[in-house]
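Descriptive structure summary
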Amino acid sequence: MFFPLKDENPTRTFPFITLILIGVNCLVFFFQLALGDYGRMVLVHMYGVVPYEIAHGVDVQPRVALGPYITLVTSLFLHGSFLHLVGNMWFLWIFGNNIEDVTGHFRFVFFYLLGGVAASMLQILINTGSTVPIIGASGAVSAVLGAYMLKFPRARIRTLMFIFIFITLVNVPAGTFIGIWFFLQLISSLGAGASNVAWYAHIGG
């Protein structure tokens, strides 16, 4: 098991879009918590992306704009748990600032959102009959990881590694770190039938 702590890859500009995205995700999550269990369930079914609705062009929920297609974006800002949120936002902070630096601030917004939409579309294509809402920024964050691997494959990632009962810190090239991460998503997707995690969205990103 491994976990990134930081990258040794300084930026030239301040990543305010990355920080705004993290802030919006956190605010939406706290709003979810404030709604209580039933309110959260309603919100997820209203604004989570449902593969069946997108694949068949039907709108089961009474949405006011763009039918079910608006959920391809809104779903990216909903999370199922605190750990789900923290994991996504931590990866976004480590890798997103450099991609924002490369693309520019406002193009990064479009890249992030389009990456998330593309990720959801792969999950939908794999499972068109599912009526379970897909939520989370994982697909968009995966797109950021893919861009990072292409642009900075040799950047060093300070990584916390757990080897049996031992814990150590190592510097891992970004290409290796993200390559291993992608491989783990691929392996996990093979058993996705028994999981509530949208592994193909991670791969699609």
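Below is a summary of the structure that appears in this document. Owing to the predicted nature of the structure, the values given are computational and were not obtained by experimental measurement.

Of regular secondary structure, the chain possesses 8 helices and 3 strands. Written out in order from the N terminus, the α and β elements of the chain read β-α-α-α-α-α-α-β-β-α-α. Restricting the contact set of the chain to residue pairs at least 6 apart, pairs at least 24 apart contribute 72%.

Glancing now at helix α4 (residues 82–103). Along its 22 residues, α4 runs 29 Å from first to last C-alpha, staying within 8% of the 32 Å computed at 1.5 Å per residue. Maximum bend of α4: about 40 degrees, positioned at G96.

A word on the packing of aromatic side chains. With the rule as written, the count across this model stands at 10 aromatic pairs. Consider the rings of F16 and F106, whose centres lie 6.4 Å apart with planes at 75 degrees: the pair is edge-to-face. In this pair, F16 is assigned in helix α1 (residues 16–47) and F106 in helix α5 (residues 105–126), connecting sequence segments 90 residues apart. Residue F16 is classed as partly exposed on the basis of its relative accessible area, which comes to 30%. Classification of F106 as exposed rests on a relative accessible area of 59%. Taken together, the ring pairs in this structure connect F3, W90, F91, F95, Y148, F152 and F177 into an aromatic cluster.

The next subject is the packing of α1 against α5. Direction vectors running N to C along α1 and α5 enclose 45 degrees, while the axes themselves pass 9 Å from each other. Viewed along their axes, α1 and α5 adopt a mutual orientation that is oblique. Contact residues: F16, I17, T18, L21 and N25 in α1; H105, F106, F108, V109 and Y112 in α5.

Further remarks concern the sheet that holds strand β2 (residues 156–163). Across the sheet, 3 strands lie side by side as β1-β2-β3; this open sheet has antiparallel pairing. The sheet is open, and its two borders are formed by β1 (2–7) and β3 (166–173), each paired with just one other strand. Here the strands of the sheet are splayed against their neighbours by 25 degrees on average, with no regard to which way each runs. Taken together, the 8 bridges between β2 and β3 define a ladder with antiparallel strand orientation. Following the sheet pairing, I157 is matched in β3 by V172. Contacts from α4 reach β1 and β2, with the element oriented near 40 degrees to β1.

Quick look at the side chain of N9 now. Tracing the chain through its elements places N9 in the loop between β1 and α1. A residue is classified by how much of its surface remains accessible, and N9, at 15% relative accessible area, is buried. For N9, the side chain forms a polar contact with the side chain of Y148, separated by 3.2 Å. Excluding residues within four positions of it along the chain, N9 makes contact with N98, Y148, F152 and A155.

Let us now look at a nonpolar patch on the surface. Residues M1, F3, F14, F16, L19, I20, V24, W90, W93, F106, F162 and I167 make up a contiguous nonpolar surface patch of roughly 1200 Å² in combined accessible area. Breaking the nonpolar patch down by element, the ones donating at least two residues are α1 and α4. Looking at the nonpolar patch, the element that brings in the most residues is α1, giving 4 residues. Tracing the sequence through the fold places F162 in strand β2.

Among the secondary structure elements, S120 is positioned in helix α5. For S120 and I135, which are 15 residues apart along the polypeptide, the C-alpha to C-alpha distance reads 9.1 Å. Every residue in contact with S120, bar those within four places of it in the chain, is listed here: V49 and L72.

Definitions and limits used
- Residues numbered from 1 in each chain as written.
- Predicted model: local features only at pLDDT ≥ 70, side-chain atom pairs only at ≥ 80, totals over all residues.
- Heavy atoms only, no water.
- Helix = DSSP H or I, 4+ residues; strand = E, 2+ residues; numbered from the N terminus.
- Contact = heavy atoms within 4.5 Å.
- Expected span 1.5 Å × (residues − 1).
- Bend = angle between axes of the 7 residues up to and from the residue.
- Phe/Tyr/Trp six-rings, centres within 6.5 Å; stacked < 30°, edge-to-face > 60°.
- Buried < 20%, exposed > 50% of the residue type's maximum accessible area, 1.4 Å probe, protein only.
- Axes fitted to C-alpha atoms, helices over the stretch in contact; angles between N-to-C directions.
- Parallel < 35°, antiparallel > 145°, perpendicular 65-115°, else oblique.
- Pairing = 2+ DSSP bridges.
- Polar contact = N/O pair within 3.5 Å; in protein donor to acceptor, adjacent residues only side chain to side chain.
- Patch = residues over 30% accessible without salt bridge, like charges linked within 9 Å, V, L, I, M, F, W, Y side chains within 5 Å.
- Areas by Shrake-Rupley, 256 points an atom, 1.4 Å probe, with all protein chains shown as cover.
- Salt bridge = Lys/Arg side-chain N within 4 Å of Asp/Glu carboxyl O.

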